[in-house]
2 protein chains.
Amino acid sequence: MNNVVERTYYDVELEPVINTTKIKIIEVSIELFSKKGFSGASIRDITKEVGIKESSLYKHFKNKDQILETIFVNFRMEADKILPPMEHIDHIVETMDLKMFLGRGIENFLRHIDNEINFKLWRILYIELFRQPIAQEIYRKDIMRKTIDCLETIFEKMMEKGKMKPQNPRIMAEEYQLSSISLILEYNMLKEEGMSTESIEEKIKNHVDFFSAIACP
Amino acid sequence: MNNVVERTYYDVELEPVINTTKIKIIEVSIELFSKKGFSGASIRDITKEVGIKESSLYKHFKNKDQILETIFVNFRMEADKILPPMEHIDHIVETMDLKMFLGRGIENFLRHIDNEINFKLWRILYIELFRQPIAQEIYRKDIMRKTIDCLETIFEKMMEKGKMKPQNPRIMAEEYQLSSISLILEYNMLKEEGMSTESIEEKIKNHVDFFSAIACP
DNA sequence: GTCTATATTAGGATAGAC
DNA sequence: GTCTATCCTAATATAGAC
C-alpha cells in the first residue's frame, strides 16, 4: 500500500510481443491459477482455454512449474512499481505532509490492484503463500520489507523536517504497513466475491486518519 | 490474538473417542492439507498414511469435501477459545490495565498456535482462503469480526474507567487487530520453515508497546 | 510450433465379498 | 468396517509426423 508520485503504471508486456501463444498461456494460467490455485488448475484446463493441444504447451514451457515461475517473476516486477522510486523521496518529503503522502500511496495501490491482472497475481500470491517458497519470499521481501524500508526512510526525513513527531521511524513504518497489508487481504477477499469494497475503503481511510493523528505533531 | 483470563485450552477431542479410524483420517488430513493444500492432497495419500484402503475411507466420509468440512468445523470451535468468554470481560476490565490485557491476549494466542494441530489448522485456513468460501467466512467472522467486537467492548469499558484515552473504541479495536492478524500470518510463515520466531515475537512486543502508548492516558 | 497418438501415473469413487 | 477388484476420468508428459 505505497507510494509513488507520478509514473505510468504498466506497460502490459515486458518484452515486445514476439511469441503470442506463450503470452496467451501465461494470461490463461494467471486466470486459472488465481481461481483454482496452482495444483487445482491443470495443463488440460490451460491448453483448452488457450486453444492448443497439451503437447504444444511443452514447446513453450518445460513443465507446469515453469509457468508459475514466470508468473511470479512478472509479479515481482509489478510489485516493484507500487513504491515510489528512491530518487523521488526527497521531493515527496519536501512537498507533502504525512497524510497527503499516505493518501497518495493508497490511491496508487488501489490503481495498481484495480488492474485485473494485478488483482489475479495478488490472489495467486496469497493462495500459494504456504506452498511455494517463492511466494513467501515475494511477500516478505518484495512486499513487506521493501515497503517498510521505504516508509522508514520517508518517516525519518519527515521527522527531521518536523512533519512528524520524533519517534522510532522503523516501528512506525512497521505498524503502518502491518495494518495496511491486512486491509489489502480483506480488499482482495471482498473484490473476489464481487462485493462492494466500500467498507474496506472506509477502513483504509480510518487507518490513514488514525495513523496521521498519532504521528503528526 | 486475544484474550482469555483463565481457561483450559483444549480438550483434544470433541466427543468421546468412539471411532478411532475416523479421527485418524481427520488428523492425517489436517497434516496433509496443511502441507499440500486440499486439492494437492489425495484420498490415496490420506488412506496410505492412515493405513487403510481407499474404499474404507468412504465408510467414514461421503467424499473428500466432507473431510475438509469437518476440519473447518473443528477450527471454528478452536478459534472460539482464543477470545475470553463474555462473562469474564467485566473482571478483565476491573483487574487489568490495557497493556496487561493485551499481553495476556498474546500469551494466550501463542499458546493456542503452539499446539501442533492448531498451527496446521491455521495453515489450512490461509491456504484455502481464496478457494473455500467457508475459509473466508471463518476468517472474517470467527477471527476478525468476533475479535474486533470483543476488543471494542473491552476498550469502551476501559475508557469509561479512565484506563484508556477516550477515542473511538471501534477504530482502536480495528487498528489493533489489523496489525495483529498480519503478525499472525508472519508467525505462521516463519514457523513453517522451522525458522526462529523471535523476530516476530519482538514485533509483537513492539506492537503492544506502541498501541498501549498511544491508547493510554 | 502445431498436431495425433500414446504412455504412465494418479485422481475420486463404487461394488461386493468377508 | 475392512478388504480386493475395478471403473472411469484426469493428470503430466513424450514421440514423432507435418
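Rules of the game
What you see as residue numbers is a count from 1 along each chain, following the sequence as written. As they are written, the chains are lettered A onward and the ligands numbered 1 onward, keeping that order. Owing to the predicted nature of the model, reporting of local features is limited to residues with pLDDT of at least 70; listing and counting of side-chain atom pairs is limited to 80 or more, with chain, interface and lining totals taken over all residues. Each side-chain value is worked out from all heavy atoms of the structure, with water and hydrogens disregarded. Runs of H or I in DSSP of at least four residues are treated as helices and runs of E of at least two as strands, each being numbered from the N terminus. Every helix has an expected span of 1.5 Å times one less than the residues it contains. The buried label goes to any residue with under 20% of its type's maximum accessible area, the exposed label to any with over 50%, and the partly exposed label to all in between, with areas taken from a 1.4 Å probe on protein chains only. Whether two residues are in contact is decided by their heavy atoms, any of which lying within 4.5 Å being enough. Any pair of N or O atoms that falls within 3.5 Å is considered a polar contact. Within protein, one atom must be able to donate a hydrogen and the other to accept it, and sequence-neighbouring residues count only if both atoms are side-chain atoms. We define a salt bridge as a side-chain nitrogen of Lys or Arg found within 4 Å of a carboxyl oxygen belonging to Asp or Glu. For each residue, the test is whether any non-hydrogen atom lies within 4 Å of the molecule or strand; if one does, the residue is near. Boundaries of every domain are those given by an automatic assignment or by a domain database. Buried area counts how much accessible surface, traced with a 1.4 Å probe, disappears from two parts once they are put together, with both parts' losses summed.

1. Points about helix H6 (residues 98-114) of chain B
Residues and elements named next belong to chain B. Between its first and last C-alpha atoms H6 spans 24 Å; for 17 residues at 1.5 Å apiece the expected length is 24 Å, and the two agree. Looking only at H6, the buried set comprises Leu-98, Phe-101, Leu-102, Gly-105, Ile-106, Asn-108, Phe-109, Leu-110, His-112 and Ile-113. Buried positions along H6 lie against helix H4 (64-80), helix H5 (89-95), helix H7 (116-128), helix H8 (133-160), helix H9 (169-192) and helix H10 (198-215).

2. Let's talk about the side chain of Thr47(B)
Residue and element names in this part refer to chain B. Note that Thr-47 resides in helix H2 (residues 43-50). By relative accessible area, Thr-47 is classed as buried at 2%. Among the polar contacts made by the side chain of Thr-47, one reaches the main-chain carbonyl oxygen of Arg-44 at a distance of 3.2 Å. If we ignore the near neighbours within four places in the chain, the residues touching Thr-47 are Ile-52, Lys-53, Glu-54 and Leu-57.

3. Some remarks on the pattern of salt bridges
The full count for this structure, using the stated rule, is 45 salt bridges over all chains. We note a salt bridge from Arg76(A) to Glu137(A), for which the minimum N-O separation is 3.0 Å. Of the two residues, Arg76(A) sits in helix H4 (residues 64-80) while Glu137(A) sits in helix H8 (residues 133-160), which places them 61 residues apart along the sequence. The partly exposed category is assigned to Arg76(A), whose relative accessible area is 26%. Residue class for Glu137(A) comes out partly exposed when judged on its relative accessible area of 33%. As a salt-bridge pair, Lys161(B) and Glu94(B) come within 3.9 Å of each other at their nearest N and O atoms. Of the two residues, Lys161(B) is situated in the loop between H8 and H9 and Glu94(B) in helix H5; the sequence distance between them amounts to 67 residues. With relative accessibility at 44%, the residue Lys161(B) sits in the partly exposed group. Exposure remark for Glu94(B): the relative accessible area of 52% places this residue in the exposed category. One network of salt bridges, with partners in common, ties together Arg76(A), Asp80(A), Glu137(A), Lys141(A), Asp142(A) and Lys146(A).

4. Points about the protein's contact with DNA strand D
Taken together, 18 residues surround DNA strand D, and among them Ile43(A), Arg44(A), Ser55(B), Lys59(B) and His60(B) come closest. Sugar and phosphate atoms constitute 50% of the interface atoms of DNA strand D, taking the interface as everything within 4 Å of the protein. The contact in question runs from a phosphate oxygen of DNA strand D to an N or O atom on the backbone of Lys53(B), over 2.7 Å. At the level of secondary structure, the elements contributing two or more residues to the surface near DNA strand D comprise helix H2 (43-50) and helix H3 (54-57) of chain A together with helix H3 (54-57) of chain B.

5. Some thoughts on the domain arrangement of chain A
All names here are of chain A. Along its sequence, chain A is carved into domain 1 (20-64) and domain 2 (69-215). Opposite the eleven residues of domain 1 that make contact, domain 2 presents eleven residues. The contact between domain 1 and domain 2 buries some 920 Å² in all, and 68% of this surface belongs to carbon and sulfur atoms. Counting the contacts that link domain 1 with domain 2 gives one salt bridge.

6. Observations regarding the environment of Phe210(A)
You can see Phe210(A) is positioned in helix H10 (residues 198-215). Phe210(A) gets classed as buried once you look at its relative accessible area, which sits at 10%. Along the backbone, Phe210(A) and Arg104(A) are 106 residues apart, and their C-alpha atoms lie at a distance of 16 Å. Residue contacts for Phe210(A): discarding those within four places in its chain leaves Gln167(B), Ile171(B), Met172(B), Glu175(B) and Ile214(B).

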